[in-house]
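The primary structure of each chain is shown beneath.
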Amino acid sequence: MDKAENTEATLKRGIGLFDATAIGLGAIIGGGIFVVTGMAAGLAGPALIISMLISAAIASFTAFSFSKLSVALPKEGGIYGFAYEFVSPLAGFITGWMWIFSNIFVGAAVSLGFASYFVALLPFLSVKIVAVIVCLLFTVLNFIGVRQSALLNSILVSAKVLILLFFIAFGLFFINGGNFVPFAPNGPFGVLQGSALIFFAYAGFARITILAEEVKDPSRTIPRSILLALGISTVIYLLTSFVAIGLTGYVNLSASGSPLAEAIGVTGSRFAVSLISVGAIMATASVLLTTILGVSRVIFAMARNDDVPKFLCSVHSKVKTPYYAVAVTGSFMILAIIFTDFARIVAVSSFAVLLYYSLANLAAIKLSMKKNHFSIFSSVGLLSCLGLLAFLTIDSWIIGTIGVAIG
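These numbers were taken from a predicted model, which means no experiment stands behind them. (Residues numbered from 1 in each chain as written. Predicted model: local features only at pLDDT ≥ 70, side-chain atom pairs only at ≥ 80, totals over all residues. Heavy atoms only, no water.)

Asks: Run through the layout of surface pockets, naming residues and quoting values.
Replies: Roughly 330 Å³ of internal volume is contained in the largest pocket. In terms of lining residues, the largest pocket is bounded by 14 residues, among which Trp97, Ile100, Ile104, Ile299 and Phe332 are the most central. Put simply, the parts of the chain that give the lining of the largest pocket at least two residues each are α5 (89-121), α12 (270-304) and α13 (323-337). Take the lining of the largest pocket: its biggest share by element is 6 residues, from α5. For the lining of the largest pocket, the per-class residue count stands at 13 nonpolar, no polar and 1 charged. (1 Å grid on protein atoms, 1.4 Å probe; cavity = no way out; pocket = protein on both sides within 12 Å on 5 of 7 lines; lining within 4 Å. Points joined across faces, edges and corners; volume = space filled by probe spheres on them. Helix = DSSP H or I, 4+ residues; strand = E, 2+ residues; numbered from the N terminus. Nonpolar A, V, L, I, M, F, W, Y, C, P; charged D, E, K, R; others polar.)

If you want it as structure tokens, here you go:
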């Protein structure tokens, strides 16, 4: 067997706390805050801030479950491995399948998002071609090594966080208090619908658990990075949504495909609009990078358990990456680019996220039962994830159910 196809080779531990937190932030702060904010504002109105808090609270309960599970089972595959080990192999397969299914389409969507902003600067280019090229480039980068991918992600995350902080600080001076009235135009139901949709924006907080075998001191680094990523992103989300609604109102926000650029446009500053657009490009780039990273590692973990073809767990002897899994991930994302519709992507992803986070909470409950104690946080996390599922659209249920059935 060629050295490059050594299935017994080990992955390289090269991710520290800063990079681990950045991977979480890279997966969280992306299309959610730059695009889904507008969609959720249309449902919740100015009460989007309450929707954000509800989603953050639900995410925090689930984050507790992930932290506990990552200490008990610091293995590649994250949520797939937790469900496989602590619930059942079938639950593990469904979890892994839905994670791959949804995130391949998320990768396609953010590739197109990146391309759309890029083509706005260079209009002679084709959106589809740019999307394919950026997906291909990031696939190659993931093949070269996790350390290089993590370094680029850390740079992109630092830049887009600084840009969002600029949006908050600059936009505060132009807020119109009248834009917060009426506060909840669609009542409590609209607020909960907004929470179910905006949960998509928190979906990446546990991404680092998927790379557990590539993290230094995982039992300490992973739980800390999860809580840091979730805490930082929540503060940024709340301030950003508050300023965005205060600038332009929820009606204008919901009608825009680029809500933050629309909001900052009220200030009349072309520089600010351009900077926010650059931030959106960086946001989609980092989400694409971490999505390819995450999907390939779940495929790798499933291959080790024979849930997908065994060759997909081959690790390159030199660069120490699961190169077949990376190649398959990038290839399917490129194919999906042709058929991507962002609204459906969000619907499918929200359904899949809540479903596999429910299974993660169930896995944490099972782990607690083995140790003869009751986990209130994981139980609340399970019930709240199942509760939010009820507020998703019929579209998301139909497509999500079809996705499970295909698996």
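Next comes the rest of the account.
Asks: Describe in detail empty space enclosed by the protein, supporting the description with residues and values.
Replies: Leftover empty space is mapped by rolling, across the atoms, a probe with the size of a water molecule. Evaluated as defined, the whole model comprises 2 cavities of 30 Å³ or more. As for the largest cavity, its lining consists of 26 residues, of which Ala27, Asn103, Ala203, Gly204 and Arg207 are closest to the centre. At the level of secondary structure, the elements contributing two or more residues to the lining of the largest cavity comprise α1 (17-28), α2 (31-44), α5, α12 and α14 (342-370). If you tally residues by element for the lining of the largest cavity, the top one is α5, at 5 residues. When the residues that make up the lining of the largest cavity are grouped by side-chain class, the tally is 16 nonpolar, 9 polar and 1 charged. Reported here for the second largest cavity is a volume of approximately 30 Å³. Lining the second largest cavity, in full, are Phe34, Tyr117, Ser258, Pro259, Leu260, Ala261, Ile276, Ser277 and Ala280. Residue assignment for the lining of the second largest cavity shows that the elements contributing at least two residues are α11 (259-264) and α12.

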